[in-house]
Amino acid sequence: MKQSITIFYLLLFFQCISQNTAPQSNQVKIKKLIEDYFKYDRENIHVQFNKDIYVTNEDIAFKGYVLSKNYNIPHANTTNVQLVIYNEQDQIIQKQLLYTTNGTFSGGIHLNSKFKSGTYHFHFYTNWMNNFNEDDSFTQRVEIINKDEPYDLKSNEPNWKTATAVIYPEAGFIINEINNTVGVKIVDCNQKGIEIKDGLILDSKSNEVTRFNTNKMGNGFFYFIPEANETYTLKVKTDKLNLNQPLPLTNETGITLSYNNNLPKNTLAVAIKTNEKGLELFKNKKYTLLIHQNARTIQKEFSFTDDETEKVLLFDKKYLANGVNTIRLIDENLNQIAERLLFHYATDKPSTTLEAKAIANDSIMLTGRTDVKQANLSISVLPESNNCIAFKKSIQGTFYLNAYLEKPENDNYSYFDPNNTNQKQDMESLMLNQTRSKFSWDNIKNKLPKINYSFNKGVTISGKVEKEINPKSKNKISLISIKDNVFEFTDIDQKGNFKFDNFFAQDSTVFILQMVNEKNIVKFTNIVAKVRPNENQFMLPFEFEKNKCPIEEKKPENKFTFTKSIFDQDIVNLEGVTINNTFKKEVFTHKDNMSINANAFKIDDNEFGTVLDFIGRNGYQTGIDPEDNNAYIRNTRIQSFAESNPPPAVYIDNQIVLDLNLLFSMDISEVDEIYIDKSGASDTSAGNNGTIKIFLKQGGSKNNYFRVKYTSLIVTTGFTKNILFKNAAFETQKEFFYFGTLNWTPTIALKDNPNYELKFPKGAQKEIQVLIEGFTNDGQLISEIQKVPVQE
């Protein structure tokens, strides 16, 4: 009995070993390859700009959306998005670190002299993206024009002289003696699609084989059964276009993929086809048909049997992912034989209704309703005749389409436009006219992502205290910003070093650093600190979209000349102008404290900026030293190095100020009077460098920080501050209609109420263009471009 039990367990043991060492099926291997390759979540970025073309006195504004690629919801972990701006020569002219929260960020640029007329590229990316083989960054092309130069308005006409046809055989090649689907894309030198109503396919004897047409995006297709040893030519003959282009040579055999995505009962049919010669080669071999988006997969195995030259496999589309899915035909050795792309409109886009009414004070009230909850939207409102939208991009086009295409489709809104009744047919033509997915099978098999780049969060503030640290001490460094409500502490190590990791520090913020003991008593020591922005270069190769068309003769009817501003005129006629004297003598409270050489300033509501700015406008050179990020005040009469040009003596309410960074953070509105004496006679200890005395308003935000021992730090390499967007002034109504912006609202937060409203100047508009983008917390995407009449 005991021997029988022993034999039983031995048999069970060897059976388990046999099961564990049995060869895995191809489906199991493929599933593991896919899961391993898409194991790590990725970030996708989409950015809405208020428009694409700007005049040099305008603001560029944008709103960014970051989506989790694996989960299709806003990427809650993203905080650092890097923006690098390039000019036409691909030179970097500006960088920004953009703070991202709940998957969104906002920003902009006040245009200045750095931005000459020309084309610029805004490149958005994260450090985490560097870990992957595919480029998930976002690029926006922007044109900036100078008002002092004539501008050539863009024509919607393609460049007919440079038109070419690109042939896309289904699955990559044309096979003899079976029905082939062949894609055609006709574009000009700038990849602008050309619509063709009647194109021909001819054989070598000029006999018509079939006809085709292309849509407005330049995409089309045709069916035909090629004969062996025959050649074929594509021909287009119109009053503007004359094309004769040979088709690729046909193959004797092979395997191709077709599908029907328009069957009832939510069914997808995929046909795998070969010819009689191919059947001899491929019969009884095992193949796997794989459909996937990221790690979401469907697989079916099959073989060509008997006399089958075509195998049709059916799939329930409820298992397909929203957007682009890749169909791959894999052989027994896990080699890819053929590939097609399929777009699945899995969900309906949320509907948006808009209404505009003229109200009092020459304004427009725009009311909207987007049928979603828990959403974040951005809205740009432009005049109806605005000429500044070169490419109509959509958030769906970025996240559902371009995230999976080897070559992004920039002008993609029409594929998601609810008013485009042919959007599904247009999308199928686009899918046919793709060489392959962004994710190559060779990479999936042989080039797994390696995590070498961190998921950056915030910036790092680090430094060192000069005072020797007692190993038993419990001293800490406190980091304080009153305006930003920051009160943080960190430990000091045995070498006197300290660090604040993953910290939100915005440019121009002034931080106070102090060393405190366990009783929170400030201890005097010199502290050196700096901000490390965690700025990283984009390591993947990328190429900007450039104008590749030859320079054409400019047409006079397309030239637009801006009106010269009245402030630029050389002569101003003052005849008939009456000047009223409204001068009131100012009363100074602290003038007795200064010498007669001092200039006295009573601060009123017309002043703006910081105290440091004010001093810089009134006799001294001021700024932030890029070497140590500290504020400086220098006497303009002494033209030498900063070391031999010490600052003037500065007092606040008669107390000496040793840290000039305080003046950078102090708003001029807090000040009652300022006295500036460059002679130094008001304070003999100041010598010839001068004296500045500042007296604050009663009840202001004066604090005690300048009375204690501390070190201050001005942030210059932190997160970029968002701009306060302002509409630029144009000299004529026509200029504003062509180039202006009526309203830019970067953030509309919808919770349970789907309604919202905006109010802005009417600008003599009878109809407006409204551009809306956004997403919900559960990943629904919103994108609308509507023309809305203004009701009186």
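The sections below set out a description of the structure shown in this document. (Residues numbered from 1 in each chain as written. Predicted model: local features only at pLDDT ≥ 70, side-chain atom pairs only at ≥ 80, totals over all residues. Heavy atoms only, no water.)

1. Digging into the overall build of the protein chain
Part 1 of the reasoning: Helix and strand counts for the protein chain come out as nine helices and 46 strands.
Part 2 of the reasoning: The principal-axis extents of the C-alpha atoms in the protein chain amount to approximately 110 × 100 × 50 Å.
Part 3 of the reasoning: Sorting the 792 residues of the protein chain into buried and exposed places 51% on the buried side.
Part 4 of the reasoning: For the protein chain, contacts bridging at least 24 residues in sequence account for 70% of all contacts bridging at least 6. (Helix = DSSP H or I, 4+ residues; strand = E, 2+ residues; numbered from the N terminus. Buried < 20%, exposed > 50% of the residue type's maximum accessible area, 1.4 Å probe, protein only. Contact = heavy atoms within 4.5 Å.)

2. With respect to the packing of aromatic side chains
Part 1 of the reasoning: The full count for this structure, using the stated rule, is 44 aromatic pairs.
Part 2 of the reasoning: With a centroid separation of 6.3 Å and 75° between ring planes, the pair formed by Phe-498 and Phe-500 is classed as edge-to-face.
Part 3 of the reasoning: Take Phe-498: its relative accessible area is 4%, and that puts it in the buried class.
Part 4 of the reasoning: What makes Phe-500 buried here is its relative accessible area of 5%.
Part 5 of the reasoning: With a centroid separation of 5.3 Å and an interplanar angle of 70°, the aromatic rings of Phe-560 and Phe-739 are classed as edge-to-face. (Phe/Tyr/Trp six-rings, centres within 6.5 Å; stacked < 30°, edge-to-face > 60°.)

3. With respect to helix 2 (residues 26-37)
Part 1 of the reasoning: Counted at 1.5 Å a residue, the expected span for helix 2 with its 12 residues is 16 Å, and the 16 Å between its end C-alpha atoms agrees.
Part 2 of the reasoning: Listed in full, the buried residues belonging to helix 2 are Asn-26, Ile-30, Leu-33, Ile-34 and Tyr-37. Taken end-on, helix 2 shows its buried residues confined to a sector of 95°, consistent with a single buried face.
Part 3 of the reasoning: Its buried side turned inward, helix 2 meets strand 19 (287-293), strand 20 (296-302), strand 22 (323-330) and helix 6 (441-446). (Expected span 1.5 Å × (residues − 1). Arc of directions from axis to C-beta.)

4. Examining empty space enclosed by the protein
Part 1 of the reasoning: For the coordinates displayed, the defined rule picks out four cavities of 30 Å³ or more.
Part 2 of the reasoning: Space inside the largest cavity adds up to approximately 180 Å³.
Part 3 of the reasoning: For the largest cavity, the lining is made up of 17 residues, of which Gln-48, Phe-49, Phe-391, Lys-393 and Leu-771 are closest to its centre.
Part 4 of the reasoning: The set of elements that each furnish at least two residues to the lining of the largest cavity consists of strand 1 (43-49), strand 45 (767-776) and strand 46 (781-791). (1 Å grid on protein atoms, 1.4 Å probe; cavity = no way out; pocket = protein on both sides within 12 Å on 5 of 7 lines; lining within 4 Å. Points joined across faces, edges and corners; volume = space filled by probe spheres on them.)

5. Observations regarding the pattern of salt bridges
Part 1 of the reasoning: Applying the stated criterion across every chain yields a total of 27 salt bridges.
Part 2 of the reasoning: Between Lys-31 and Glu-35 there is a salt bridge, with its nearest N and O atoms 3.2 Å apart. Residue Lys-31 and its partner Glu-35 are both found in helix 2; the two are separated by four residues, about one turn of the helix.
Part 3 of the reasoning: Across the pair Glu-607 and Arg-617 runs a salt bridge whose closest N-O atoms are separated by 3.4 Å. Of the two residues, Glu-607 sits in the loop between strand 35 (599-602) and helix 7 (611-616) while Arg-617 sits in the loop between helix 7 and strand 36 (620-625), which places them 10 residues apart along the sequence.
Part 4 of the reasoning: Note on Glu-607: relative accessible area 30%, which makes it partly exposed.
Part 5 of the reasoning: Judged by its relative accessible area of 38%, Arg-617 is partly exposed.
Part 6 of the reasoning: Overlapping salt bridges bring together Lys-69, Asp-136 and Lys-438 as one network. (Salt bridge = Lys/Arg side-chain N within 4 Å of Asp/Glu carboxyl O.)

6. Let's talk about the environment of Pro-646
Part 1 of the reasoning: Turning to its location among the elements, Pro-646 is positioned in the loop between strand 37 (630-635) and strand 38 (649-652).
Part 2 of the reasoning: Overall, the relative accessible area of 36% leaves Pro-646 in the partly exposed class.
Part 3 of the reasoning: For the pair Pro-646 and Ile-633, spaced 13 residues apart in sequence, the C-alpha separation works out to 8.0 Å.

7. Brief notes about the state of the cysteines
Part 1 of the reasoning: A complete count under the given rule lists one disulfide for this structure.
Part 2 of the reasoning: The disulfide partner of Cys-189 is Cys-549, and the gap between their sulfur atoms is 1.7 Å. Negative torsions about the S-S bond denote left-handed disulfides, and the value of about 95° found for Cys-189 with Cys-549 makes this one right-handed. With Cys-189 in the loop between strand 11 (180-187) and strand 12 (196-203) and Cys-549 in the loop between strand 33 (527-532) and strand 34 (559-560), the pair connects residues that are 360 residues apart, well separated along the chain.
Part 3 of the reasoning: Judged by its relative accessible area of 14%, Cys-189 is buried.
Part 4 of the reasoning: For Cys-549, a relative accessible area of 19% gives the class buried. (Disulfide = S-S within 2.5 Å.)

8. Observations concerning the nonpolar core
The nonpolar side chains of a soluble globular protein tend to be buried with one another.
Part 1 of the reasoning: Core analysis: the biggest nonpolar cluster contains 53 residues, and Ile-272, Leu-289, Leu-329, Leu-401 and Met-431 have the highest contact counts within it.
Part 2 of the reasoning: Leaving out residues up to four positions away in the same chain, Leu-329 has contacts with Ile-255, Leu-257, Ile-272, Tyr-287, Thr-288, Leu-289, Phe-302, Asn-335, Gln-336, Ile-337 and Ala-338.
Part 3 of the reasoning: Core analysis: the second largest hydrophobic core is formed by 34 residues, Val-55, Phe-560, Phe-739 and Ile-748 among them. (Core = buried A, V, L, I, M, F, W, Y, C linked by side-chain atoms within 4.5 Å.)

9. Notes on the side chain of Glu-784
Part 1 of the reasoning: Structurally, Glu-784 can be placed in strand 46.
Part 2 of the reasoning: The side chain of Glu-784 is buried and forms no salt bridge, while Lys-349, the nearest opposite charge, is found at 4.4 Å.
Part 3 of the reasoning: When residues no more than four places from it in sequence are discounted, the contact partners of Glu-784 are Lys-349, Pro-350, Thr-352, Tyr-413, Pro-418, Val-770, Leu-771 and Ile-772. (Lys, Arg positive; Asp, Glu negative; His and termini not counted.)

10. Topic: the side chain of Ser-258
Part 1 of the reasoning: Relative to the elements of secondary structure, Ser-258 occurs in strand 17 (residues 256-260).
Part 2 of the reasoning: In terms of polar contacts, Ser-258 uses its side chain to reach the side chain of Glu-170, at 2.6 Å.
Part 3 of the reasoning: Apart from the residues lying within four places of it in its own chain, the contact partners of Ser-258 are Glu-170, Thr-181, Ala-269, Val-270, Ala-271, Lys-273 and Arg-340. (Polar contact = N/O pair within 3.5 Å; in protein donor to acceptor, adjacent residues only side chain to side chain.)

11. Details of the layout of surface pockets
The method is simple in principle: a probe with the dimensions of a water molecule rolls over the atoms, and the space it marks as empty is what remains.
Part 1 of the reasoning: Here the second largest pocket defines a volume of roughly 820 Å³.
Part 2 of the reasoning: Taken together, 37 residues form the lining of the second largest pocket, with Asn-322, His-344, Tyr-345, Ala-346 and Thr-347 sitting closest to its centre.
Part 3 of the reasoning: Where the lining of the second largest pocket is concerned, the elements lending two or more residues are strand 23 (336-344), helix 4 (395-401) and helix 5 (423-432).
Part 4 of the reasoning: Per-element accounting of the lining of the second largest pocket gives the leading share, five residues, to helix 5.
Part 5 of the reasoning: Looking at side-chain class alone, the lining of the second largest pocket contains 15 nonpolar, 14 polar and eight charged residues. (Nonpolar A, V, L, I, M, F, W, Y, C, P; charged D, E, K, R; others polar.)

Shape is all these values report; function is a separate question.
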